Amino acid sequence: MIRFDNVTKAYPDGTVAVDRLSLEAPTGKITVLVGPSGCGKTTSMRMINRLIEPTVGTISLGGEPVAGTDVTQLRRKIGYVIQHAGLFPHKNVADNVMALPRLLGLGRREARTRALELLERVGLGAQFAERYPWQLSGGQQQRVGVARALAADPPYLLMDEPFSAVDPVVRGQLQEEFLRLQREIGKTIVLVTHDIDEALKLGDQVAVLREGGRLAQMAAPAELLARPADAFVAGFVGRDRGYRALGFTGTGGTVLPVPEPSVALGATRTQAVAAALDGWILVTGTDGKPVGWAALDRLDGDRVTERDLNLSATTARVDGTFRELLDAALSSPSGRGVVVDAEGRLAGTVSPTSVARAIEASTSGDVPAAAAGSQG
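Counting restarts for each chain, with residues numbered from 1 along the sequence as it is written. Local features in a predicted model are, by the rule used here, given only for residues with pLDDT of at least 70; side-chain atom pairs are given and counted only at 80 or more, and totals for whole chains, interfaces and linings are based on all residues. Side-chain numbers here rest on the full set of heavy atoms in the structure, without hydrogens or water.

**Observations concerning the layout of surface pockets**
Move 1: With a 1 Å grid spanning the protein atoms alone, the term cavity applies to any set of points in which a 1.4 Å probe fits but cannot get out, the term pocket to an open set with protein on both sides within 12 Å along at least five of seven lines, and the term lining residue to any residue with an atom within 4 Å of a point. Grid points are joined across faces, edges and corners, and a volume is the space filled by probe spheres set on the points. Approximately 500 Å³ is the volume attributed to the second largest pocket.
Move 2: Around the second largest pocket, the lining comprises 18 residues; the ones closest to its centre are R75, I78, G79, Y80 and L100.
Move 3: Runs of H or I in DSSP of at least four residues are treated as helices and runs of E of at least two as strands, each being numbered from the N terminus. Looking at the lining of the second largest pocket, the elements that each hand over two or more residues are α2 (71-76), β6 (78-81), α3 (93-103) and α5 (138-150).
Move 4: Three residue categories are used. Nonpolar comprises Ala, Val, Leu, Ile, Met, Phe, Trp, Tyr, Cys and Pro, charged comprises Asp, Glu, Lys and Arg, and polar comprises the others, including Gly. Looking at the lining of the second largest pocket residue by residue, the classes come out as 11 nonpolar, four polar and three charged.

**Here's the deal with the sheet that holds strand β7 (residues 156-160)**
Move 1: In this analysis, strands are considered paired if DSSP registers two or more bridges between them. Taking strand neighbours across the sheet as the criterion, the six strands line up as β6-β7-β8-β3-β9-β10 in an open arrangement whose pairing is mixed. In this open sheet, the two strands that pair with only one neighbour each are β6 and β10 (214-219). Put simply, the sheet's adjacent strands are angled 15° from each other on average, direction ignored.
Move 2: Strand direction decides the pairing type here: strand β3 (residues 30-34) and strand β9 (residues 205-210), joined by four bridges, are parallel. Paired with T31 across the strands is Q205, a residue of β9.
Move 3: It only takes one pair of heavy atoms within 4.5 Å for two residues to be counted as in contact. Whenever a helix is involved, its axis is fitted only over the stretch in contact; in every case the axis is a line through C-alpha atoms, and angles between N-to-C directions fall within 0 to 180 degrees. Running at roughly 165° to β6, α5 makes contact with β6 and β7 of the sheet.

Geometric values such as these leave the question of function open.
In structure tokens:
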């Protein structure tokens, strides 16, 4: 556990970056610090590993005050991931990941084995080991940065805007990989971001800081969306917080997918016509997994091919959240959201109306109650 007890950081010119901050980051969980620019997010995080010293107050790790711990020993217990990865440009990927274990006395062979294992864990294969940072994409560099932070197996991990320097598609992929990795390793993590959507997706709990470094609210994402503490939190979370809250509300089996006729890629035009509903045909792969919709009046040849597919729609799992089901229904060109089972095979479709009715039946007030389910 990481604990802040009435921590303040004030500078000689009178600027107060963090003001009487008290919070706990539970063991094995992700705590996200979020807020507007200048609210003290990064300052708060950097006081944990003593890159910045607090003016007053106490920060403790596992019950031990960091102020009484040797800085070198303290930082060996804390992995640190920054925005642009911060890799050594003159070292290859393996040597970057091996750097701290080697400094701590681990033999080269053992350190390299550990590095290759970590590269696999963060989604990079052994083929990346000999590459240099300049040969990697931004997303790949961030993965190496995470692997390096984990190389000495620290119990704590600090992450400062770790995914903000990459494009939205890669960012989403990195977030999913990070959540998968955390399920495996269970570190105590403090993550700083300015993006409320990222905070809600990644955090087990979210601390919203207001300007002046004061804590406005600390809560689980669903609680934050359903019951913001004041107008500032409500405004920062956003006007669409009711829709976002649906991402944390399980359907409880209240939305049952309707069977949907489909054809496999390569099906004949005759088969497609027979399977069409309202001019749309759902197309699957040979494994039964949906691959897209095809418009009957736009089929390009005698057989259904990838050229015929409309790929704009998303899919939702049958045990997913209301938000996932509603998004699938609203994004579908046919007006029917595709629902899949745990293996990704077609389970049926849902309409926006059926999802909306289930949401209405499950809500109390204007905002859906925080219930089962997780966006992560």
